[in-house]
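# Structural description and commentary
Okay, here's what each chain looks like letter by letter:
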Amino acid sequence: MRVKCIKIIDPQTGETRPEHPGIRVGSVYPVLEMITGPDYWMIRVLDEDDEDDDPGTLWDPEMFETIDAQVPPSWTLVLQDGHMRLAPALWQRPGFWNDYFDNVPQALADFQTAKHELLDNA
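This section reports on the structure supplied with the text.

### Focus: the nonpolar core
In this structure, Ile23, Val31, Val45, Met63, Phe64 and Trp91 are the most contacted members of the largest nonpolar core, which totals 27 residues. Only strand 1 (2-5), strand 2 (8-9), strand 4 (28-37), strand 5 (40-45), strand 9 (83-88), helix 1 (96-101) and helix 2 (105-120) provide two or more residues apiece to this core. Apart from residues lying up to four places away in sequence, tryptophan 91 is in contact with Leu32, Arg85, Phe96, Trp97, Asp110, Phe111, Ala114, Lys115 and Leu118.

Below, the structure written as structure tokens:
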């Protein structure tokens, strides 16, 4: 799945702005995951300066138009506690992102495996 940035919405203020570090109007980004809850909807895309360990950033989907709507084969849908997450199956276990940011080796390895799978199929 790939999206094109058509505007930038400041994640802090909700206001439209002309630029923001890591994302640029007109650029196309691979989508790493989609999450939603009762009062939010976000997509995770890779930053402009993608590094191998970059987890991407969460953005308002209103900022993007879909370029390629094909859902990656490794993605699964999980509904839990009023939240929905469409992401690689390896990232769906409870606490995955906490473990990733705590540098738990298995979470880091699962992240890299799924990210490379997504990028290879983008």
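### Quick word on the environment of isoleucine 67
Summarising the element assignment, isoleucine 67 is placed in strand 7 (residues 64-68). The sequence separation of isoleucine 67 and tryptophan 41 amounts to 26 residues, and the corresponding C-alpha distance is 19 Å.

### Structural notes on the packing of aromatic side chains
Per the counting criterion, the structure on display carries 11 aromatic pairs. Ring plane angle 85 degrees and centroid distance 6.5 Å describe the contact between tyrosine 29 and phenylalanine 64, whose orientation is recorded as edge-to-face. Separated by 35 residues along the polypeptide, tyrosine 29 in strand 4 and phenylalanine 64 in strand 7 bring together distant segments of the chain. Seen in terms of ring centroids, tyrosine 100 and phenylalanine 111 are 4.7 Å apart; in terms of plane orientation they differ by 50 degrees. Their pairing is tilted.

### Observations concerning the layout of surface pockets
Its boundaries defined by the atoms lining it, the largest pocket holds a volume of some 280 Å³. Secondary structure elements with two or more residues in the lining of the largest pocket: strand 4, strand 8 (75-80), strand 9 and helix 1. Of the residues contributing to the lining of the largest pocket, the split by class is 8 nonpolar, 6 polar and 3 charged.

### Here we look at the pairing of strand 9
Alignment of strand 4 against strand 9, held across 3 bridges, turns out to be antiparallel. Opposite threonine 36, over in strand 9, you have methionine 84 as the bridge partner. With 6 bridges connecting them, strand 8 and strand 9 associate as antiparallel partners. Within the sheet, the bridge partner assigned to glutamine 80 lies in strand 9 and is histidine 83.

### Thoughts on the side chain of aspartate 10
Mapped onto the secondary structure, aspartate 10 falls in the loop between strand 2 and strand 3 (16-17). Given the relative accessible area of 11%, aspartate 10 is considered buried. At 3.0 Å, the side chain of aspartate 10 and the backbone nitrogen of threonine 13 are in polar contact. When near neighbours in sequence (up to four residues on either side) are disregarded, aspartate 10 contacts Glu15 and Arg17.

### Remarks on helix 2
Helical geometry note: an α-helix holds 3.6 residues per turn, so side chains three or four residues apart project in the same direction. The terminal C-alpha atoms of helix 2 lie 22 Å apart, and with 16 residues this matches the ideal 22 Å at 1.5 Å per residue to within 8%. Where helix 2 is concerned, the buried positions are Ala107, Asp110, Phe111, Ala114, Lys115 and Leu118. Seen from one end, helix 2 has its buried residues packed into an arc of 125 degrees, which puts them on one side. Summarising the geometry of helix 2, the exposed residues directed more than 90 degrees from the buried face are Pro105 and Asp120. Buried residues along helix 2 sit in contact with strand 4, strand 8, strand 9 and helix 1.

Rules used in this analysis
Residues numbered from 1 in each chain as written. Predicted model: local features only at pLDDT ≥ 70, side-chain atom pairs only at ≥ 80, totals over all residues. Heavy atoms only, no water. Core = buried A, V, L, I, M, F, W, Y, C linked by side-chain atoms within 4.5 Å. Buried < 20%, exposed > 50% of the residue type's maximum accessible area, 1.4 Å probe, protein only. Helix = DSSP H or I, 4+ residues; strand = E, 2+ residues; numbered from the N terminus. Contact = heavy atoms within 4.5 Å. Phe/Tyr/Trp six-rings, centres within 6.5 Å; stacked < 30°, edge-to-face > 60°. 1 Å grid on protein atoms, 1.4 Å probe; cavity = no way out; pocket = protein on both sides within 12 Å on 5 of 7 lines; lining within 4 Å. Points joined across faces, edges and corners; volume = space filled by probe spheres on them. Nonpolar A, V, L, I, M, F, W, Y, C, P; charged D, E, K, R; others polar. Pairing = 2+ DSSP bridges. Polar contact = N/O pair within 3.5 Å; in protein donor to acceptor, adjacent residues only side chain to side chain. Expected span 1.5 Å × (residues − 1). Arc of directions from axis to C-beta.

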